[in-house]
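Below, each chain spelled out in residue letters.
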Amino acid sequence: MQNPVYLNIENVDSLRNRVSTPTFDRDKIKTSIAHIGVSNFHRVHQAYYMHELMQKHDRLDYGICGIDLLDGDRKIYNVLKDQDGLYSLIIKDENGSHQVKIIGSIVEYFFGPENPMAVIERLANPDIEIISLTIAEDGYHLNEITGEFDQEHPSVDEDVKNPFYPKTVFGYLVQAFKLRKLRGLSGCTVLSCDNIKGNGDTMKLSFLNYVSQVEPELLPWLEKNSTFPNSMVDRITPLTIQEDIEALKRDFLIEDQWPVVCESFSNWVIEDNFFHETPQWGKVGVQFVKQIEFYDKMKLQLLNAGHTILGILGTLHGYKTVHEAANDEEFMSFLKAYMDEEVIPVLENVETLSVENYKTKLITRFKNPYIHDSLSRICSESSAKVPAFILPTINSQLLKDKVINRAAFVVAAWCKYYDGVNDQGKVFKISDSISNTLIRRSTLSHQDPIKFLEIESVFGELNTNPVFVEKYIGYLAQIRSHSIKDCIKNFNNN
Ligand code: CS2
């Protein structure tokens with residue numbers, strides 16, 4: 001038997017008869033994108049699209065410079081360095097077919113904590129026309145309810161005090177734009193690729209707010225020299241597990257330290273608002289639109305909310321992955337009814353986008369047994385997810401005096417989630433930047449249920465809405481005295 005081949009530039013051609021490898025000349029690639037946050041999601045989505053452009057259309061002008069800014073991201077930086085930016089993308093569809101592609105669009109990589117000045121210089125380089133971001137929902141430092149930038153956030157405060165050794169994206173960007181202005185260079189597009197409603201507008205708001213504190217004189221230049229398109233990104237991407245690494249070695253004889261798995265479905269819709277000319281990404285299926293709002297709402301309130309719901313309810317039951325929960329007919333009936341009765345009515349403006357088709361496809365995507373998407377991934381940082389994915393539905397429904405039964409049930413289940421024990425008596429791990437608050441409030445809710453709803457930064461004024469509060473209290477009592485599955489069955493039968 002042959003030995004596995006270590007993935008790097010020297011060896012990649014020898015893999016050509018096993019998997020799809022880059023056929024373009026990587027030395028000819030021009031780096032015009034700097035991407036901050038080389039997450040698994042970035043690697044299956046944007047980097048994949050740019051790779052396809054190079055591979056299928058010989059467009060070598062959209063090379064990516066990957067950048068990470070957090071100490072915790074050292075591993076991906078080391079892996080990309082070792083593997084010359086190459087990595088394996090394993091696409092798994094619902095029928096069990098697996099396709100492996102070696103992605104070659106990330107051609108440079110920088111690590112902020114090691115050399116912040118190098119990152120700032122790279123961002124300021126005139127070749128960079130787009131600075132894109134995947135910094136996760138909590139990277140924007142927003143107050144979930146007011147939607148405003150949290151100026152008091154400790155890392156923001158640190159950056160204000162030490163502007164030349166930044167920690168946050170905002171700190172880096174301000175230095176890069178300052179250099180561009182000083183050198184008489186043009187600005188660029190800042191493209192957010194995170195799951196946030198109006199992600200570009202949000203980024204703009206947060207960034208300009210930060211700039212007004214540290215470099216107010218830069219504001220007029222920025223107004224003329226930057227754009228912040230909104231975008232909707234979609235591709236389910238589980239965390240890589242050891243089994244993925246082993247399977248690649250066993251079945252394809254490829255030794256890759258950190259391959260990445262995703263579903264076959266993929267979607268990217270971007271508001272056409274670029275500082276330089278609109279990128280030629282339509283060739284690989286990227287859609288440019290005038291208005292993103294409808295696409296955004298549909299995706300966040302159906303897919304991401306659907307995930308959060310399966311995540312919370314499934315974890316309470318004892319399931320470990322999305323597909324386990326989604327293939328349980330009781331859980332799926334609950335979710336379908338939530339979508340039909342509580343979400344789709346508030347998506348009235350998106351009829352032309354065929355919400356029904358999206359929903360039907362979504363159910364198959366959730367059920368895909370080959371994507372081992374862990375519920376712990378889904379439930380991490382729920383304090384940023386619930387307000388972004390579920391509360392908009394609740395608020396719209398309440399405004400119109402419409403049903404919020406299942407949504408209130410989910411919020412009650414979310415409170416129970418912080419008891420930290422499932423219905424099989426097993427303890428599960430809670431991972432959230434405000435986990436102490438969530439756990440404390442959930443504990444207090446045993447005596448006074450409203451205490452959980454009083455976390456203002458999460459729920460805003462929802463605790464003052466009598467219709468919601470009554471339902472929530474009723475469901476919480478039910479959930480604390482019956483198994484989650486029995487409660488769901490009860491729902492489905494009524
Ligand atoms: C998930 C998303 O993190 C989550 O809660 O819902 O990562 C989801 O898988 C992606 O947005 C799919 O496009």
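In this text the structure is predicted, and so the values were computed from the model without any measurement.

Visitor: Whenever I open this one, the nonpolar core confuses me. Can you help?
Guide: Side chains that are nonpolar tend, in soluble globular proteins, to be buried together. Membership of the largest hydrophobic core comes to 136 residues, with the highest contact counts inside it found for Leu-310, Ile-312, Leu-313, Ala-408, Val-410, Ala-412 and Ala-413. For this core, the element with the most residues is helix H10 (residues 293-317), which contributes 11 residues. Setting aside residues no more than four positions away along its own chain, Val-410 makes contact with Ile-309, Ile-312 and Ile-390.

Visitor: Could you clarify how one ought to interpret the sheet that holds strand E3 (residues 63-68) in this entry?
Guide: Working definition: the strands of a sheet are paired by backbone hydrogen bonds and lie parallel or antiparallel to each other. Judged by pairing direction, the sheet is parallel, and its 6 strands sit side by side in the order E6-E3-E2-E7-E8-E9 without closing on themselves. Each end of this open sheet is capped by a strand with a single partner; those strands are strand E6 (106-111) and strand E9 (226-227). Pairing of strand E7 (residues 130-133) with strand E8 (residues 188-192) involves 4 bridges; the strand directions are parallel. Across the sheet, the residue bridging to Ile-131 is Val-190, located in E8. The strands that helix H3 (residues 74-82) touches are E3 and E6; relative to E6, the one it contacts most, it runs at about 140°.

Visitor: Is there a simple way to think about the sheet that holds strand E12 (residues 260-262) in this case?
Guide: Spatially, the 3 strands line up as an open sheet ordered E5-E4-E12, and their pairing is mixed. In the strand order of this sheet, the two ends are held by strand E5 (98-103) and E12, each with one partner. Ignoring strand direction, the axes of neighbouring strands in this sheet form an average angle of 25°. Where strand E4 (residues 87-92) meets E5, 6 bridges bridge the pair, whose relative direction is antiparallel. Across the sheet, residue Lys-92 finds its bridge partner in E5, namely His-98.

Visitor: Could you clarify how one ought to interpret the pairing of strand E10 (residues 231-234) in this entry?
Guide: Look at any regular strand and the pattern is simple: side chains alternate between the two faces of the sheet. Residues Ser-231 and Val-233 point to one face of E10 and Met-232 and Asp-234 to the other, with burial holding for every one of them. Relative to strand E13 (residues 267-271), E10 runs antiparallel, the two sharing 4 bridges. Bridging across to E13, Val-233 finds its partner in Trp-268.

Visitor: Please explain the packing of helix H12 (residues 329-343) against helix H22 (residues 484-493) as it appears in this structure.
Guide: The description of two packed helices rests on the angle between their axes and on the distance between the axes. Where H12 contacts H22, the axes come no closer than 9 Å and their chain directions differ by 55°. Taken together, H12 and H22 sit at an angle that is classed as oblique. Every pair of crossing elements has a handedness; the one defined by H12 and H22 is left-handed. Across from Glu-330, Phe-331, Ser-333 and Phe-334 in H12, the residues of H22 making contact are Lys-485, Ile-488, Lys-489, Phe-491 and Asn-492. Of the residues belonging to the contact of H12 with H22, the class tally is 4 nonpolar, 2 polar and 3 charged.

Visitor: Could you clarify how one ought to interpret the site of the ligand in this entry?
Guide: Surveying the vicinity of the ligand reveals the residues Asn-195, Asp-234, Arg-235, Ile-236, Leu-303, Asn-304, His-307, Ile-378 and Lys-385. If you tally residues by element for the shell around the ligand, the top one is H10, at 3 residues. Classifying every residue of the shell around the ligand by side-chain character gives 3 nonpolar, 3 polar and 3 charged.

Scoring rules and cut-offs
- Sequence order sets the numbering: in each chain, residues are counted from 1 along the sequence as written.
- Only residues with pLDDT of at least 70 get local features here, since the model is predicted, and only at 80 or more are side-chain atom pairs given and counted; chain-wide, interface and lining totals rely on the full set of residues.
- For this entry, the nonpolar core is defined as buried Ala, Val, Leu, Ile, Met, Phe, Trp, Tyr and Cys residues connected by C-beta atoms within 7 Å.
- For every residue, the other C-beta atoms within 10 Å of its own C-beta are counted; 20 or more classify it as buried, 12 or fewer as exposed, and values in between as partly exposed. C-beta atoms are placed from the backbone.
- A helix here means a DSSP run of H or I that spans at least four residues, while a strand means a run of E at least two residues long, and both kinds are numbered starting from the N terminus.
- C-beta atoms are first placed from the backbone for all residues, and any pair lying within 7 Å is then listed as a contact.
- For two strands to count as paired, DSSP must find a minimum of two bridges between them.
- Think of each axis as a best-fit line through the C-alpha atoms, taken over the contacting stretch in the case of a helix, with angles from 0 to 180 degrees between the N-to-C directions.
- In this scheme, roughly parallel covers angles under 35 degrees and roughly antiparallel covers those over 145, while 65 to 115 is roughly perpendicular and the rest are oblique.
- Here a crossing is called left-handed whenever its near helix is offset anticlockwise from the far helix by less than a right angle, and right-handed whenever the offset is clockwise.
- Throughout this entry, Asp, Glu, Lys and Arg are counted as charged residues, while Ala, Val, Leu, Ile, Met, Phe, Trp, Tyr, Cys and Pro are counted as nonpolar. The remaining residues, Gly among them, count as polar.
- Residues are classed as near a molecule or strand if the C-beta position derived from their backbone is within 6 Å of it.

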